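Read off the chains here:
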There are 2 protein chains.
Amino acid sequence: MADILRSLLNEPLTPWLSGGGPEDEIVLSSRIRLARNLKNQPFPGRASTAKLGEIVAELKEVPVELQADDDHEYALIELEKISPLARHVLVEKHIISPNHAAEPENRALIVRDDAGVSIMVNEEDHLRLQCLEAGLNLTDAFNKATTIDDIIEAKHDLAFMEHIGYLTACPTNIGTGMRASVMAHLPALTLTKQMGTMVAIATQLGLTVRGLYGEGTEAAGNIFQISNQVTLGRSEQDIISNLSNVVKQIVDKERVARKLLLNDAPDALADRVWRAYGVLRYAQSLSAQEALALLSEVRLGIDLGVIDEVKPDIFNQLLVSTRPNFLQNLSGEVPMNQMACNKLRAQLVRSSLQRK
Amino acid sequence: MADILRSLLNEPLTPWLSGGGPEDEIVLSSRIRLARNLKNQPFPGRASTAKLGEIVAELKEVPVELQADDDHEYALIELEKISPLARHVLVEKHIISPNHAAEPENRALIVRDDAGVSIMVNEEDHLRLQCLEAGLNLTDAFNKATTIDDIIEAKHDLAFMEHIGYLTACPTNIGTGMRASVMAHLPALTLTKQMGTMVAIATQLGLTVRGLYGEGTEAAGNIFQISNQVTLGRSEQDIISNLSNVVKQIVDKERVARKLLLNDAPDALADRVWRAYGVLRYAQSLSAQEALALLSEVRLGIDLGVIDEVKPDIFNQLLVSTRPNFLQNLSGEVPMNQMACNKLRAQLVRSSLQRK
């Protein structure tokens, strides 16, 4: 357990962020999340502390059960036994939710050593299973989630009703209990001011688009999460193929926009991305926001073949490692003021870019 | 003559800009200019074309006369025989004035091969002699100017009146006919908003302070020219020692301001100068104005020991080589549009900074 936690907290690059999947110059990762509940227990929101403890206890063996079918190791981490900072790092890495981190008593995380599979225990539902894959690969993520779901269902009675499907704490999750989402880097659509249209179209097709980092419509680093809204009355296959098709269209539009940028104003584009690289390469202080914005420019430059000095996975790695809590945990200095944090971030970025 | 002209046009770094003089981390160069006129000729502003031609003819042997007393070679360049672009490069390098370049007929330049000595023929006066030295070294510049003045006076009758001094076209130059000036890089006084006070004090002491590049009070690259106003009724030694003393005080104030910046906010300063370096190192397009501003920051970083990747003379060299006409002449592409010029400037800066 300790080893897995340590690597979760200190390793910036999880395998599903290291690239290599389909469309990986635009789609960073695909995620399937399943909401499941135990049959004979109240939903976490209505459960007493004692009940929550019972639920965690009932699921204690899940890591062992999952390991039997997997080459990877699994661990159960009791959230109240790790530091608030460690919980915040897990939030930044999208392994647990902010709510899950905020109320750690009798909450747990079951997680695979590479974080490609994780299960929040006693978040809104008893089990929130998520499977991640690199690139646009919802099918593999779904297949893995189904396998894990089957393993859990074989040992534990889950709340399920014929004609409705899985029961969940929130009605919007009833049915498949599934949310599928994709994390995509869309700098050219943003630069050419087409994201508004993309969001409108996706919404009409039952999807949600939001910035991965940053509030509201703003997307620091031009990274967007595109996910399904509705889970009731549609099959998992429908949801996945609908999302995949829309994402493929968005990816195509992003490619067209990138070509346009490159053809219409190659000099301006080269100037822009190289300046961003120059600042990242030499700045002595960087806010999280600025780092993401500049990294996005640099990644665009790499993808378009303009910048040849860095490997594309540096971008994915720095996406995680420039986050405030990850940095703070790395420094071992707690609490860390913002100036010190910005300085450490700049230092980390510089040394990452110097290593080729 | 052709060799001297070619090197004037193509070499960015004149010896007096290569550093090494007193206070050379702040004072780039010292200049003495003497205004002289031939006794029996009307001032250029009142002279006919024929008269102007006579004057040039009368001074044709001056290069030979000067060479007899110097290890360097001298040449006389007839301005109408060189291209407008070549004349503009000479203006940018402060070898001739804009007025001199604008009306080239029967105007000439007598110049030493390293541009440390130059004489404009038929600018406002028949002879405008200038001598340059690296760093704060008005005395050597003055001694050289006096030597040259004596050589010329030995062979040519100059307009001079007892009790008044040398006669000049403009009354402000009458007397010594001398203007002494110093080119200083004052980024810390600018950053700490003390330049206004410096200008006011200098003005009270009979001096003028103006930006070397840029209009009015603005000084692109934080490079200022400090010079004497009055030439009548004061001895050359007085003018030089007054200017030297004021410049020394300004240099001290600049040093204090630099130390303050370094002590009060070392991180902010380091961030600032390294970012400027990063942009210069990687930008693909740079305007003349932006290049100067960033070069000034980088030079400050070098002087304060923050930036150790470049030699200080790169700054002096790029001061000249990033000027529009120098660049255009270098490219051989005439006329050159601004985009192409900005691109070439960025390329030149990048390659200069990469060479250590």
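Every value quoted in this text rests on a predicted model; they were computed, and no experiment measured them.

Enquirer: Summarise the overall build of chain A; cite the residues concerned and give the values.
Expert: Scanning chain A from terminus to terminus reveals 14 helices and ten strands. Its C-alpha atoms give chain A a radius of gyration of 21 Å, near enough to 21 Å, the size a compact globule of 356 residues would have. Structurally, chain A occupies a C-alpha span of about 65 × 45 × 35 Å along its principal axes. Only carbon and sulfur atoms are counted for the fraction: they give 50% of the accessible area of chain A, which is about 15000 Å². With 36 positive and 46 negative side-chain charges, chain A shows a spacing of 4 Å between the two charge centroids.

Enquirer: Let's hear about the nonpolar core: which residues, and what values?
Expert: Ranked by internal contacts, the top residues of the largest apolar core, which has 140 residues, are Ile32, Ile96, Ile119 and Ile148 of chain B. Among the nonpolar cores identified, the runner-up in size contains 57 residues, and Leu38, Val182, Ile239 and Ile250 of chain A belong to it.

Enquirer: How would you explain the side chain of Ser97 of chain A if you had to name every residue and give the values?
Expert: Inspection of the secondary structure assignment puts Ser97 of chain A in the loop between helix H4 (84–92) and helix H5 (98–102). Those residues in contact with Ser97 of chain A that sit more than four places away from it in its chain are Val91, Met120 and Glu123 of chain A.

Enquirer: Describe the pairing of strand S4 (residues 117–121) of chain A, naming the residues involved and giving the relevant values.
Expert: All names here are of chain A. Taken across its five residues, S4 has five buried, putting it largely inside the fold. Neither face of S4 is left uncovered, since the one carrying Val117, Ile119 and Val121 and the one carrying Ser118 and Met120 both have all their residues buried. The pairing of S4 with strand S5 (residues 127–134) spans five bridges and is classified as antiparallel. The partner of Ser118 across the bridge, within S5, is Gln130. What sits between S4 and S5 in their antiparallel hairpin is a turn of five residues, with Asn122 showing a positive phi close to 65°.

Enquirer: Please give an account of the sheet that holds S5 of chain A that cites residues and values.
Expert: Residues and elements named next belong to chain A. Reading across from one edge, S2-S3-S4-S5-S1-S8-S10-S9 is the order of the eight strands in this open sheet, with antiparallel pairing throughout. Each of the sheet's edge strands pairs with one partner strand only, and the pair in question is strand S2 (74–78) and strand S9 (207–211). Sheet twist, expressed as the mean angle between neighbouring strand axes with direction ignored, is 20°. Two elements, strand S3 (residues 108–112) and S4, share four bridges in a ladder whose sense is antiparallel. Directly across from Val111, in S4, lies its bridge partner Ser118. Lying on the sheet, helix H9 (residues 236–264) is in contact with strand S1 (27–36), strand S8 (178–185), S9 and strand S10 (223–228); it crosses S8 at an angle near 10°.

Enquirer: So what's going on with the interface of chain B and chain A? Residues and values would help.
Expert: Of the residues lining the interface, 18 residues belong to chain B; the matching set on chain A comes to 18 residues. With both chains or domains summed, chain B and chain A bury close to 1500 Å², and 56% of this area falls on carbon and sulfur atoms. On the chain B side of the contact with chain A, Arg275, Tyr282 and Gln284 of chain B bury the most area, a combined 42% of that side's loss. At the junction of chain B with chain A, the criterion picks out four salt bridges. Between Arg275 of chain B and Glu290 of chain A there is a salt bridge, with its nearest N and O atoms 2.8 Å apart. If you look at where chain B meets chain A, you find 14 residue pairs in polar contact (both at pLDDT 80 or more).

Enquirer: Tell me about the relation of the copies chain B and chain A, and name the residues and values.
Expert: Once chain B is rotated about the relating axis by 180° and shifted along it by 0.1 Å, it coincides with chain A to within an RMSD of 0.1 Å. Here the symmetry operator amounts to a two-fold rotation axis. Identified as the residue of chain B closest to the rotation axis by C-alpha distance is Gly278 of chain B, at 2.0 Å. A share of 100% of interface residues in chain B that are also interface residues in chain A marks the association as one of identical surfaces.

Enquirer: Which residues make up the pattern of salt bridges, and what values go with them?
Expert: All names here are of chain A. Enumeration according to the criterion identifies 40 salt bridges over all chains in this entry. Where Asp70 meets Lys144, a salt bridge forms, and the shortest distance between an N and an O atom there is 2.9 Å. Of this pair, Asp70 sits in the loop between helix H3 (62–67) and S2 while Lys144 sits in helix H6 (residues 138–155), placing them 74 residues apart in sequence. Assigned by exposure class, Asp70 and Lys144 land together as buried. Salt bridges here are not isolated pairs; linked through shared partners, they connect Glu23, Glu25, Asp252 and Arg255.

Enquirer: Hey, could you go over helix H6 (residues 138–155) of chain B for me, with residue numbers and the actual values?
Expert: Between its terminal C-alpha atoms H6 of chain B stretches 26 Å, which fits the 26 Å expected from 18 residues at 1.5 Å a residue. Listed in full, the buried residues belonging to H6 of chain B are Leu138, Ala141, Phe142, Ala145, Ile148, Asp149, Ile151 and Ile152 of chain B.

Enquirer: Outline the pairing of S3 of chain A, supporting the account with residue identities and numerical values.
Expert: All names here are of chain A. Within S3, five of the five residues are buried, leaving the element largely enclosed by the surrounding structure. Of the strand pairs in this sheet, S2 and S3 are connected by five bridges, and their pairing is antiparallel. Bridge pairing in S3 places Leu76 opposite Ile110. Between S3 and S4, which pair antiparallel in sequence order, lie four residues; one of them, Ala115, sits at a positive phi of approximately 65°.

Enquirer: How would you explain the packing of aromatic side chains if you had to name every residue and give the values?
Expert: Taken as a whole and assessed by the stated rule, the structure comprises eight aromatic pairs over all chains. Here the aromatic rings of Phe160 of chain A and Tyr166 of chain A are separated by 4.8 Å at their centres, their planes lie at 65°, and the arrangement is edge-to-face. When its relative accessible area of 11% is taken as the criterion, Tyr166 of chain A is described as buried. With centroids separated by 4.9 Å and ring planes inclined at 85°, the aromatic side chains of Tyr277 of chain A and Tyr282 of chain B adopt a geometry described as edge-to-face.

Enquirer: So what's going on with the packing of helix H10 (residues 266–282) of chain B against helix H14 (residues 338–354) of chain B? Which residues, and what values?
Expert: Residues and elements named next belong to chain B. Running from amino to carboxyl end, H10 crosses H14 at an angle of 115°, the nearest separation of the two axes being 7 Å. Comparing the axis directions of H10 and H14 gives the class roughly perpendicular. Judged by residue contacts, Tyr277, Leu280, Arg281 and Tyr282 of H10 engage Val349, Arg350, Leu353 and Gln354 from H14. Residue composition of the contact of H10 with H14, grouped by class: five nonpolar, one polar and two charged.

The rules we used
- Residues numbered from 1 in each chain as written.
- Chains lettered and ligands numbered in written order.
- Predicted model: local features only at pLDDT ≥ 70, side-chain atom pairs only at ≥ 80, totals over all residues.
- Heavy atoms only, no water.
- Helix = DSSP H or I, 4+ residues; strand = E, 2+ residues; numbered from the N terminus.
- Rg over C-alpha atoms; globule rule 2.2 N^0.38 Å.
- Areas by Shrake-Rupley, 256 points an atom, 1.4 Å probe, with all protein chains shown as cover.
- Lys, Arg positive; Asp, Glu negative; His and termini not counted.
- Charge placed at Lys NZ, Arg CZ, Asp CG, Glu CD.
- Core = buried A, V, L, I, M, F, W, Y, C linked by side-chain atoms within 4.5 Å.
- Buried < 20%, exposed > 50% of the residue type's maximum accessible area, 1.4 Å probe, protein only.
- Contact = heavy atoms within 4.5 Å.
- Pairing = 2+ DSSP bridges.
- Axes fitted to C-alpha atoms, helices over the stretch in contact; angles between N-to-C directions.
- Buried area = accessible area lost by both parts, 1.4 Å probe.
- Salt bridge = Lys/Arg side-chain N within 4 Å of Asp/Glu carboxyl O.
- Polar contact = N/O pair within 3.5 Å; in protein donor to acceptor, adjacent residues only side chain to side chain.
- Least-squares fit on C-alpha atoms with pLDDT ≥ 70 in both.
- Expected span 1.5 Å × (residues − 1).
- Phe/Tyr/Trp six-rings, centres within 6.5 Å; stacked < 30°, edge-to-face > 60°.
- Parallel < 35°, antiparallel > 145°, perpendicular 65-115°, else oblique.
- Nonpolar A, V, L, I, M, F, W, Y, C, P; charged D, E, K, R; others polar.

Keep in mind these numbers describe shape, not what the thing actually does.
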